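# Per-entry structural report
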2 protein chains.
Amino acid sequence: MQVMRQMIFPTSNQITLTGVLYAFSDPTRLEIVRQLATEGEKACCEFGFKISKSTLSHHFKVLRDTGVVYTRTEGTQSVNSIRREELEDRFPGLLDTILKAATIS
Amino acid sequence: MQVMRQMIFPTSNQITLTGVLYAFSDPTRLEIVRQLATEGEKACCEFGFKISKSTLSHHFKVLRDTGVVYTRTEGTQSVNSIRREELEDRFPGLLDTILKAATIS
DNA sequence: TCTATTATTCGATTATCATCGAACAATAGA
DNA sequence: TCTATTGTTCGATGATAATCGAATAATAGA
């Protein structure tokens, strides 16, 4: 029987630099975080990607596992937000610098 | 007949953010750039890694192809340096922020 | 010309990753 | 209870990537 496992989020000091950079190195994931940064928290279905929902779910799992994104359940929706405090605490300035760079290209 | 191909380096505007982040997402490559940043330009053989030289050569190729590192030939050695100007021109503050974060963990 | 040094290239292998469709889980609402 | 919605999980597949040993290339120096 398949079980909906509970989501696990790394603590601030469990977040690794290479992990965060890997999370951001995929164009889809970078765009997800960019939208979360500019438009605030959003459900998975509100991003307007053309990829399948299983692929999208995979990308959100990577973002959660690397400590970039927090997901809370609200009804049938999964509402995502950037873990700004933890990221800033762990690697000061990194998120903003990457987000700024993302608007350049 | 195998030919030693000429190295090709991307111009500043050919450098992509996801490419740079991918280059930095590997621990070996991150350490290479960290050493280049703190100790200046170095030949491939001077980094003290325990991996094979073909693997190390592969990592340097990735760093070149993504625009992070410049390699010049000096005798039988390949001397590497960070492309600071191009990176700063393309994505201001990115390199320093990542390097600073690399010293934290 | 021969040898040592340094690094790249090739070919192969193993591992990881992105992607998808189908099935399942959890919730909301009729 | 039934159905729709939303997202996760599973299993599979094709594409990338990391790694290595061996062969090759380029140069320096004896």
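Quick note: structure is the one above.
These notes cover the structure that comes with them.

A separate point is the protein's contact with DNA strand D. Around DNA strand D lies a shell of 28 residues, among which A:R5, A:K53, A:S57, B:Q2 and B:H59 are the nearest. One of the side-chain N or O atoms of A:S78 is found 3.2 Å from a sugar or linking oxygen in DNA strand D. Within the side chain of B:T55, an N or O atom sits 2.9 Å from a phosphate oxygen of DNA strand D. Looking at the surface near DNA strand D, the elements that each hand over two or more residues are helix 3 (53–65) and strand 3 (77–82) of chain A together with helix 3 (53–65) of chain B.

Take empty space enclosed by the protein next. All names here are of chain B. What the rule picks out here adds up to one cavity of 30 Å³ or more. For the largest cavity, the full set of lining residues is V20, F24, L87, F91, L94 and L95. Elements with a minimum of two residues in the lining of the largest cavity: helix 1 (17–24) and helix 5 (94–104). Of the residues belonging to the lining of the largest cavity, the class tally is six nonpolar, no polar and no charged.

What follows is about the protein's contact with DNA strand C. The full set close to DNA strand C counts 29 residues, and A:Q2, A:H59, B:R5, B:C45 and B:S57 are the nearest of them. Take the atoms of DNA strand C that sit within 4 Å of the protein: sugar and phosphate atoms are 71% of them. The separation between a phosphate oxygen of DNA strand C and a polar side-chain atom of A:H59 is 2.5 Å. A distance of 3.0 Å is found between a phosphate oxygen of DNA strand C and a backbone nitrogen or oxygen belonging to B:C45. Listed by contribution, the elements that provide at least two residues to the surface near DNA strand C are helix 3 of chain A together with helix 3 and strand 3 (77–82) of chain B. Looking at the surface near DNA strand C, its residues break down into 10 nonpolar, 14 polar and five charged.

Glancing now at the packing of aromatic side chains. By the definition in use, this model includes six aromatic pairs over all chains. With centroids separated by 6.2 Å and ring planes inclined at 10°, the aromatic side chains of A:F47 and A:F49 adopt a geometry described as stacked. Residue classification places A:F47 among the buried residues on the basis of a relative accessible area of 5%. Centroid distance B:F9 to B:Y70: 4.8 Å. Interplanar angle 50°. Geometry classified as tilted. Of the two residues, B:F9 is situated in the segment before helix 1 and B:Y70 in strand 2 (residues 69–74); the sequence distance between them amounts to 61 residues. Classification of B:F9 by relative accessible area gives partly exposed; the value is 22%.

Rules behind the numbers
- Residues numbered from 1 in each chain as written.
- Chains lettered and ligands numbered in written order.
- Predicted model: local features only at pLDDT ≥ 70, side-chain atom pairs only at ≥ 80, totals over all residues.
- Heavy atoms only, no water.
- Near = heavy atom within 4 Å.
- Polar contact = N/O pair within 3.5 Å; in protein donor to acceptor, adjacent residues only side chain to side chain.
- Helix = DSSP H or I, 4+ residues; strand = E, 2+ residues; numbered from the N terminus.
- 1 Å grid on protein atoms, 1.4 Å probe; cavity = no way out; pocket = protein on both sides within 12 Å on 5 of 7 lines; lining within 4 Å.
- Points joined across faces, edges and corners; volume = space filled by probe spheres on them.
- Nonpolar A, V, L, I, M, F, W, Y, C, P; charged D, E, K, R; others polar.
- Phe/Tyr/Trp six-rings, centres within 6.5 Å; stacked < 30°, edge-to-face > 60°.
- Buried < 20%, exposed > 50% of the residue type's maximum accessible area, 1.4 Å probe, protein only.

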